[in-house]
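Descriptive analysis of the structure
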Amino acid sequence: PPMPTGQKSYLLPLRQRPGPGEAVIYRPCLLAAADVSYHSARHKLDHSERLLLAVEPQDGPVTLDWSTARPLAVAVEDLRRKGEAGARYAPCPAALLKPAAKTHWNRDLLRHIRTERPLTLWHCAEFKLLSAPGETEAEFRIRLQQTASEQRDREIAKLRKRYDTKLKKMDAQLLRAQQAVEREADQSRQSKVDAALSFGGALLGAFLGRKTVSATNVRRVGAATRRAGRVRQQAADVDRAREREALLQEQVAALGREFEAEVDRLESGFDAQQVELAEVPVRAKSSDIQVHFVTLGWQPTIGLVLPA
């Protein structure tokens, strides 16, 4: 049958051209367009969008059920007033042709938008972030991962700065310990040489002197003995200096391992795909819903043309 006349109606644009043996067939529906504003002081939200809905008539006592309406990815400006040439039209239910029913449709649409079509956002408690209007859950999780990566980089930079300060201090201590080892080792070597010469001189004097035991020889041997004692003391000082150096080297290595463990913890601490998100529905008030029209609509489909 041809398109019904006598009532304002809109046709959805055709997305696919019919092929050989096919024709465009328009099927009736109810179209509704409304501007909806969503406000939330708590979430710092002030967002408006336009809804274009299509709902198909049903058999039974309830001809139209707005809960079955589907949003259309079509701009209101793209709606047409004339169908394709040679198109056919499916029978239109009488309920869609009653102008008096529009009052009920408008009222039901308003209630439907207010109660059943909130603007649903996603909230991440860990970062205290809310998704943007129109941002899908997948897109929001990608943004969360980027946020986590940026925060991780900042934390690692702070961590590196803190550990750099500790490492510089310990490196200075280690350098002083290494210098002490070298100093004590040099002193120990010199003491060994002095002690050896002292003992050698004392023994030589005793051997060449007229008297085997003299006061001078006794003093020489006593001095050589004291030098030998200092050699043992300085050898102990070298050992202690080396122990101090080894301890500081182990502390530096432990600090490096601690830093690496902290970095690993930061790098593996957040997975946006696993974090739990909470849905935040923001409902529009009736005063924030402006219905532009609720009217008869036609949806194009492609069907086979049977031979006459």
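Residues numbered from 1 in each chain as written. Predicted model: local features only at pLDDT ≥ 70, side-chain atom pairs only at ≥ 80, totals over all residues. Heavy atoms only, no water.

This part covers the overall build of the protein. Along the protein, the regular secondary structure elements total three helices and nine strands. Helices and strands in the protein line up, N terminus first, as β-β-β-β-β-α-β-β-α-α-β-β. Across the 308 residues in the protein, those meeting the buried criterion constitute 34%. For the protein, the proportion of contacts with a sequence separation of at least 24, taken over those separated by at least 6, is 76%. (Helix = DSSP H or I, 4+ residues; strand = E, 2+ residues; numbered from the N terminus. Buried < 20%, exposed > 50% of the residue type's maximum accessible area, 1.4 Å probe, protein only. Contact = heavy atoms within 4.5 Å.)

For the structure on display, the rule yields three aromatic pairs. Summarising the aromatic geometry, the rings of Tyr10 and Phe293 are spaced 4.9 Å apart at their centres and angled 35° between planes, so their arrangement reads as tilted. Taken together, the positions of Tyr10 in strand S1 (residues 9-11) and Phe293 in strand S9 (residues 289-304) put the pair 283 residues apart, joining distant regions of the chain. For the pair shown, Tyr10 and Phe293 are each scored as buried. Aromatic pair Tyr26 and Tyr89: ring centres 5.1 Å apart, planes at 15°, arrangement stacked. Of this pair, Tyr26 sits in strand S2 (residues 22-40) while Tyr89 sits in strand S5 (residues 88-89); the two residues are 63 residues apart in sequence, bridging distant segments of the chain. Over the aromatic face of Tyr10 sits the side chain of Arg81, whose NZ or CZ is 5.2 Å from the ring centroid. In this structure, Lys166 is placed above the aromatic ring of Tyr163, and the distance from its NZ or CZ to the ring centre is 5.1 Å. (Phe/Tyr/Trp six-rings, centres within 6.5 Å; stacked < 30°, edge-to-face > 60°. Lys NZ or Arg CZ within 6 Å of the ring centre and 35° of its normal.)

In this structure, strand S6 (residues 119-124) lies alongside strand S8 (residues 278-282), joined through five bridges in antiparallel fashion. Within S8, the residue paired with Leu119 across the bridge is Val282. In terms of strand pairing, S6 meets strand S7 (residues 129-130) through two bridges, oriented antiparallel. Its bridge partner lying in S7, Cys124 is registered against Leu129. (Pairing = 2+ DSSP bridges.)

A word on the pattern of salt bridges. On inspection of all chains with the given rule, the structure shows 10 salt bridges. Salt-bridge contacts for Arg107 lead to Asp108; the nearest nitrogen and oxygen are separated by 3.6 Å. Accessibility expressed as a relative area gives 47% for Arg107, which makes it partly exposed. Here Arg257 ties to Glu250 by a salt bridge, and the two come within 2.9 Å at their closest N and O atoms. For Arg257, a relative accessible area of 47% translates into the label partly exposed. (Salt bridge = Lys/Arg side-chain N within 4 Å of Asp/Glu carboxyl O.)

Looking at the protein as a whole, its pLDDT mean stands at 80, while 77% of the residues score no less than 70. Note on residues 1-6: pLDDT under 50 across the span, and nine contacts to partners over four residues away in sequence or across chains. (pLDDT = per-residue confidence, 0-100.)

So, about the environment of His39. As for its position among the elements, His39 is in strand S2. What makes His39 partly exposed here is its relative accessible area of 41%. Sequence-wise, His39 and Ala284 are 245 residues apart; in three dimensions their C-alpha atoms are separated by 7.2 Å. For His39, the contacting residues outside a window of four places in its chain are Leu45, Asp46, Val282 and Asp288.

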